[in-house]
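Examination of the molecular architecture
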Amino acid sequence: MLLAVDCGNTNTVFALWDGDQMIGHWRTSTEWQRTADQYYVWLSTLMNLQGIKAQITDMIISSTVPRVVFNLRVLSDRYFNTRPLVVGKPECALPVDVRVDEGTTVGPDRLVNTVAGYEKYGGDLIVVDFGTATTFDVVAADGAYVGGVIAPGVNLSLEALHHAAAALPHVDISKPQNVIGTNTVACMQSGVFWGYVGLVREICDRIKAESGVPMKVISTGGLAPLFQQTADLFDAYEDDLTMQGLRRIHEHNKDIGNHA
Ligand SMILES: Nc1ncnc2c1ncn2[C@@H]1O[C@H](COP(=O)(O)OP(=O)(O)O)[C@@H](O)[C@H]1O
Ligand SMILES: CC(C)(COP(=O)(O)O)[C@@H](O)C(=O)NCCC(=O)O
Ligand SMILES: [K+]
């Protein structure tokens, strides 16, 4: 079975794949100090609790935080006796072209999202990921990754307000009833929530205009469900797009006989 690990700047998600069936997924905070032994105790405890008996033979990693990869490699080596595929490393092939400026390193999560988006929805696609950052990634008709947009994340924007202004409290994001807030918290939530709705709409409109073709827009990431409540922003929501992409990339590397 395949263990797929997506390490974002805030959260790390593990998913267990049996062929194209996801039989479990677990989330933990991203901490580069966490050791291979700690990962293993955590993961095996959760698997036991759910009665999952799995023989993990393969592992694939996507990480936006380079220094967590070391301990994840040790996990793979020590407990599963396999060398992991690491997206973004030369030995990990992608099933699509990447057409960006020479020397640019695209975040692996962004590439993985577009691979999964293309597999399910085809090309001429925009994938919006509401993670620590909010990213927009564009897939051409042939599935190639052709670039995108990086905007500050929703929670990051709220945190920035709190940190920079003495009188603004820590606030959790939610969809406000009204645009006009009648207290500090409601005003901040309105600014960030409706500001983001506008940001998403404007950026997607401009990507479509620049591309000159009709495009589908799909959303993913921790905070995507919140924006799914605003009916007309997205054509679809996918809660495990990065995991689907990791499975697809692993399959592609097997197909071409690539061993990490
Ligand atoms: N189910 C959830 N409900 C509310 N907030 C969430 C949920 N999942 C994640 N978040 C928050 O959304 C943000 C992005 O999460 P995530 O997609 O896991 O980020 P990343 O991939 O960058 O680690 C984080 O600030 C996280 O605290
Ligand atoms: C843009 C990101 C910070 C998003 O990370 P996330 O919100 O998933 O933690 C990450 O994809 C990244 O570090 N990218 C490197 C630069 C680039 O993609 O061009
Ligand atoms: K992410």
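Throughout this description, residue numbers start from 1 for each chain and increase along the sequence as written. Chains and ligands are labelled sequentially in the order written, the chains with letters from A and the ligands with numbers from 1. Only residues with pLDDT of 70 or above have their local features reported here, since the model is predicted, and side-chain atom pairs are shown and tallied only from 80 upward, although totals for entire chains, interfaces and linings are computed over all residues. Computation of side-chain values: all heavy atoms of the structure, hydrogens and water removed.

What follows deals with the sheet that holds strand β1 (residues 2–7). Adjacent strands of a sheet form backbone hydrogen bonds with each other and so pair up, either parallel or antiparallel. DSSP-based pairing: two strands are paired if at least 2 bridges between them are found. Helix and strand labels come from DSSP, where a helix needs a run of H or I of at least four residues and a strand needs a run of E of at least two; each type is numbered from the N terminus. Across the sheet, five strands lie side by side as β3-β2-β1-β4-β5; this open sheet has mixed pairing. Each edge of the sheet is formed by a strand with only one pairing partner; in this case those strands are β3 (21–29) and β5 (85–86). Bridging between β1 and strand β2 (residues 11–18) involves six bridges; their strand directions are antiparallel. Its bridge partner lying in β2, L2 is registered against W17. It only takes one pair of heavy atoms within 4.5 Å for two residues to be counted as in contact. Axes here mean lines fitted to C-alpha atoms, for a helix over just the part in contact, with angles spanning 0 to 180 degrees between N-to-C directions. The strands touched by helix α7 (residues 241–255) within the sheet are β1, β2, β3, β4 (58–63) and β5, with β1 carrying the most contacts at an inclination of about 130°.

Residues are labelled near a given molecule or strand when at least one of their non-hydrogen atoms is within 4 Å of it. Close contacts around ligand 2 come from 13 residues, with N9, G107, D109, R110 and A133 the closest. With respect to ligand 2, the side chain of N9 contributes an N or O atom lying 2.8 Å from an oxygen atom. In this structure, an oxygen atom belonging to ligand 2 sits 2.7 Å away from a main-chain N or O atom of G107. Protein chains shield 75% of the accessible area of ligand 2, which is 470 Å² for the free molecule. Where each domain starts and ends follows an automatic or database-derived domain assignment. When residues of the shell around ligand 2 are assigned to domains, at least three fall in each of domain 1 (2–86) and domain 2 (108–244). We call two N or O atoms a polar contact when they sit within 3.5 Å, provided that within protein one can donate a hydrogen and the other can accept it, with sequence-adjacent residues counted only if both atoms are side-chain atoms. Accessible areas in this description were obtained via Shrake-Rupley with a 1.4 Å probe; residue shielding takes into account the shown protein chains only.

Counted residue by residue, β2 has six buried out of eight residues, so it is predominantly covered. Between the antiparallel neighbours β1 and β2 lie three residues. Where β2 folds back on β3, the antiparallel hairpin that results is connected by two residues, among which G19 adopts a positive phi of roughly 60°. Type-normalised accessible area, obtained with a 1.4 Å probe on protein chains alone, sets the label of each residue: buried when under 20%, exposed when over 50%, and partly exposed for intermediate values.

By domain assignment, the protein separates into domain 1 (2–86) and domain 2 (108–244). Of note, the centres of domain 1 and domain 2, computed from C-alpha atoms alone, are 26 Å apart. The partner domain 2 presents eight residues to the 13 residues of domain 1 that form the contact. Among the residues of domain 1 in contact with domain 2, D6, W17 and S62 are the three that bury the most area, contributing 44% of the side total. The buried area of a pairing is the accessible area, by a 1.4 Å probe, that goes missing from both parts when the two are put together, added over both.

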